[in-house]
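Close look at the chain arrangement
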Amino acid sequence: MGEVLSFNDNYSPIGDLIVIATCIVILVLAYTSFVGKNRAFLIFNAMIGCLLVASFSDVIFHNIFTDTSDATLNFVYLFRLIYHAMLFLILFNYVLYVMEVLRIETSIKKKLTIVGLVVFLIITGVDAYGIVTGKGFHINKDASINTGKNFFALGYIFYMALIVYIMVFYRGRIYKKVMRGFFGTMAVSMVVLAIQGSHQQRSFTTATFLFPIIAMLYLVHSNPYDIELGAVSTSAMEDMVRYNYEKKNTLVIMSLYMKEFEEERKTFPKELQAVIRQFAGTFFKGAVLFQVSTGHMVLMAEEAHNKGYENTFNRIISAFTAEYEKYGYDFKVVYGLSKAEISMKNDYVNFLKYIYKNMAQNSFHEISDEDVKLFQKNEYILKELADICRGGNTRDPRVLAYCQPVFNVKTGRYDTAEALMRLKLQDTGMVYPDQFIGLAEENGYIHSLTRIILQKTCDEIKYLLNEGFLVNRISVNISMQELHDDNFCDDIIGIIEGSGIPDHKIAIEITESQNESDFEAMKSKIDILKEKGIKFYLDDFGTGYSNMERIMELPFDIIKFDRSLVIASNINRKSERMVGGLANMFAEMNYSVLYEGVEDEKDEKRCVNMAASYLQGYKYSKPIPIMDLKNYFARLDETA
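On a predicted model such as this, the values are computed, not experimentally measured, just so you know.

Each helix and strand counted, the chain has 23 helices and 19 strands in total. Radius of gyration (C-alpha) of the chain: 37 Å, far over the 26 Å computed for a compact globule of 640 residues. C-alpha extents for the chain along the principal axes are approximately 125 × 60 × 40 Å. Looking at the chain as a whole, 50% of its 640 residues are labelled buried. Put simply, of all contacts in the chain between residues at least 6 apart along the chain, 72% involve residues at least 24 apart. A total accessible area of about 30,900 Å² is found for the chain, and carbon and sulfur atoms account for 55% of it. Of the charged side chains in the chain, 66 are positive and 76 negative, and the gap between their average positions amounts to 4 Å.

If you want it as structure tokens, here you go:
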């Protein structure tokens, strides 16, 4: 049998009252700050509920314990049983919570849930059986008690061991500091229980169950508001989207992007913070403001609570336009209703960024089904690019080599060409450069594509040479980003030499950059590759930034005049003389001049008169599959 004790001599309600007050404070904080309504948070709430019931039961149990009359005795047993059941239910929910946070596989989660539930039922059942039969907890006539077997300690140790096992076994899925936080609070709980037991105290048992709950709130569910803006983080936004998608609720969305603050990573000025606070709290009911980055804010609210959202959008647009006229900060605003396809993947940050790319400054855009369709295509292309990059196959069939033949004015033949890229993907068919080059550059995939197009260009040159065709060279476009790669030159030389063609059969086209680090990277790489006989084109001369001093420093072979200069030269005689003067200056310094975008005989004649060495454009050929070059290039025996 267990100990015989006088219970109220070693109990004070202060511990339970503190727990009750703390639980209420936690609930107030949880529902006045932003906490994602996910399954883990629901389990968290269940634990607080169990702890409140346990604390109240413990207080009532000890208050009525002094009266051991037959009328109250059954209530004493009942509240004692509820108290223990609630404590073990907290431990069981703790197991569920840890499995949810660690995202344990459903099959394993079911098995551990069954084990935890069975242990809970056994312990509670044994506790109830002992009370009913008098073999367990029993109150004597003198108000002393017989505690029976100490199943509480066994159950507590079992659940703690199970929780530790789960967290250690799946430790790779949790941030180390978070795990230490959980273990630390569990250790404190057990130490307090041990100290309390050694002093035969029972006042702070429920308090020890509170410590891990505080750790959960702080480590997992804490998402404090920005004091000045009233915004919370994107993890909270993901929780809100997930919760409402599961509930099939539509969200009202308003997103603000301000490039100036994004690029310079500076906080909004005070006057702008006041405007954002006003917008967040005035126009939509139950709205939550999220800060995606320094220059990107998103406001979300449930449509069900904002039936007149169309009028609200119009009011916001009018108000925001007025604020723009007052402060002058450039902006982009996207607004509309949530889309199931985006909510399912919880990808509004990337979705909104995609929309912003195609928007003009100081404009508004309403979310449409077409946006979703284009974004999904964009994401599919990005996924395929990632797969192409990972695969490392320089002859990947998804990357097609096209080219545009270039007319040699001096020889009157086609003996050079510009290699171009296309993608051919299963779900989209043909994809053109304007749809994927930017994506490849932004995500670090561009060099993989360059290696593939270079390999396929070298393969075609080798074929043409073996078949007796006259091939002067074929140029390949290079992104400025690639020049910062230490392996760039080795990769280029390795592919050319591995293909068995002369180095000078390949040329590289580069667009000039005003960035100093780009210039230094370009200069060093050109110097290395020029020694191998590779020629270099300055692409898109006449667009954007052109620094003649920089051009003189770089050993280009061919200056490629952009289509805009071809058009400009046709405006009037003065314009033609200016463009022609530039071309003659380059020609006198032994640069060859290539005009691109030549579309008719009039363009051709004018460019020939402006020191053209090469002509490229739709007058001669549209871009064609690279294997069709044999229809343009002459054979050596035909040129003899």
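Attention now goes to the pairing of strand 17 (residues 592–596). The buried fraction of strand 17 is high, at four of five residues. Relative to strand 17, strand 16 (residues 558–561) runs parallel, the two sharing four bridges. Paired with isoleucine 558 across the bridge in strand 17 is serine 592. Bridge count between strand 17 and strand 18 (residues 614–616): three bridges; the pairing is parallel. Note that in strand 18 the partner of tyrosine 595 across the bridge is leucine 615.

The next point concerns the packing of aromatic side chains. Evaluated as defined, the whole model comprises 28 aromatic pairs. Their ring planes at 70 degrees and their centres at 4.9 Å tell us that phenylalanine 320 and phenylalanine 331 sit as a pair that is edge-to-face. Note that phenylalanine 320 is positioned in helix 11 (residues 309–327) and phenylalanine 331 in the loop between helix 11 and strand 8 (332–337), a separation of 11 residues in sequence. You can call phenylalanine 320 buried: its relative accessible area is 10%. The class for phenylalanine 331 is buried, based on a relative accessible area of 2%. Here the aromatic rings of tyrosine 414 and tyrosine 620 are separated by 6.4 Å at their centres, their planes lie at 70 degrees, and the arrangement is edge-to-face. With tyrosine 414 in strand 11 (residues 413–425) and tyrosine 620 in the loop between strand 18 and strand 19 (624–625), this pair connects stretches of sequence that are 206 residues apart.

Generally, phi is negative for residues other than glycine and the peptide bonds are trans, each holding for most cases. Backbone geometry places arginine 103, a non-glycine residue, at a positive phi of 55 degrees. Relative to the helices and strands, arginine 103 is located in the loop between helix 3 (70–101) and helix 4 (106–133). Look at lysine 248: it is not a glycine, yet its phi comes out positive at around 60 degrees. Along the chain, lysine 248 turns up in the loop between helix 8 (234–246) and strand 5 (251–257). For lysine 248, a relative accessible area of 76% corresponds to the exposed category.

Spatially, 4-6-7-5-8-9 is the arrangement adopted by the six strands of the open sheet, whose pairing is mixed. One side of each edge strand has no neighbouring strand; the edge strands of this open sheet are strand 4 (231–232) and strand 9 (363–366). For strand 6 (residues 288–293) and strand 7 (residues 296–302), the ladder comprises five bridges, and the chain directions are antiparallel. In the strand pairing of strand 7, leucine 289 is matched with leucine 299. Where helix 11 meets the sheet, it contacts strand 5, strand 8 and strand 9, and its direction lies at approximately 15 degrees from that of strand 5.

A separate point is the nonpolar core. Counting 79 residues, the largest nonpolar core has Phe561 and Tyr595 as its most contacted members. Top contributing element to this core by residue count: helix 16 (residues 446–466), with eight residues. In this view, phenylalanine 561 contacts Phe541, Val579, Leu582, Ala583, Phe586, Val593, Leu594, Tyr595 and Glu596; residues no more than four positions away in its chain are not counted. Formed by 56 residues, the second largest nonpolar core is a distinct cluster that contains Val95, Met167, Met179 and Leu217.

Assignment of secondary structure puts proline 555 in the loop between helix 19 (548–553) and strand 16. Proline 555 gets classed as partly exposed once you look at its relative accessible area, which sits at 29%. Note: C-alpha distance between proline 555 and leucine 538 (17 residues apart in sequence) is 9.7 Å. Excluding anything up to four places from it in sequence, proline 555 contacts Ile526, Asp527 and Lys530.

Turning our attention to the side chain of glutamine 616. Residue position: glutamine 616 is located in strand 18. Owing to a relative accessible area of 2%, glutamine 616 belongs among the buried residues under this scheme. Side chain to side chain, glutamine 616 and lysine 560 meet in a polar contact 3.4 Å long. Apart from the residues lying within four places of it in its own chain, the contact partners of glutamine 616 are Gln404, Pro405, Val406, Glu418, Lys560, Leu594, Tyr595, Glu596, Gly597 and Val598.

Here valine 101 lies in helix 3. The spatial distance from the C-alpha of valine 101 to the C-alpha of isoleucine 174 is 8.5 Å, given a sequence separation of 73 residues. Residues in contact with valine 101, not counting those within four places in the same chain, are Ala40 and Val220.

Within the secondary structure layout, glutamine 273 lies in helix 10 (residues 270–282). Taking the relative accessible area as the measure of exposure, glutamine 273 reaches 5% and is therefore buried. Residues glutamine 273 and leucine 229 lie 44 residues apart in sequence; the distance between their C-alpha atoms is 5.9 Å.

Taken as a whole, this structure holds 24 salt bridges when the rule is applied. Note that lysine 109 is salt-bridged to glutamate 100, the shortest N-O span being 3.2 Å. Each of Lys383, Glu384, Asp387, Arg390, Asp396 and Arg398 takes part in one network of salt bridges that share partners.

Conventions adopted
Residues numbered from 1 in each chain as written. Predicted model: local features only at pLDDT ≥ 70, side-chain atom pairs only at ≥ 80, totals over all residues. Heavy atoms only, no water. Helix = DSSP H or I, 4+ residues; strand = E, 2+ residues; numbered from the N terminus. Rg over C-alpha atoms; globule rule 2.2 N^0.38 Å. Buried < 20%, exposed > 50% of the residue type's maximum accessible area, 1.4 Å probe, protein only. Contact = heavy atoms within 4.5 Å. Areas by Shrake-Rupley, 256 points an atom, 1.4 Å probe, with all protein chains shown as cover. Lys, Arg positive; Asp, Glu negative; His and termini not counted. Charge placed at Lys NZ, Arg CZ, Asp CG, Glu CD. Pairing = 2+ DSSP bridges. Phe/Tyr/Trp six-rings, centres within 6.5 Å; stacked < 30°, edge-to-face > 60°. Axes fitted to C-alpha atoms, helices over the stretch in contact; angles between N-to-C directions. Core = buried A, V, L, I, M, F, W, Y, C linked by side-chain atoms within 4.5 Å. Polar contact = N/O pair within 3.5 Å; in protein donor to acceptor, adjacent residues only side chain to side chain. Salt bridge = Lys/Arg side-chain N within 4 Å of Asp/Glu carboxyl O.

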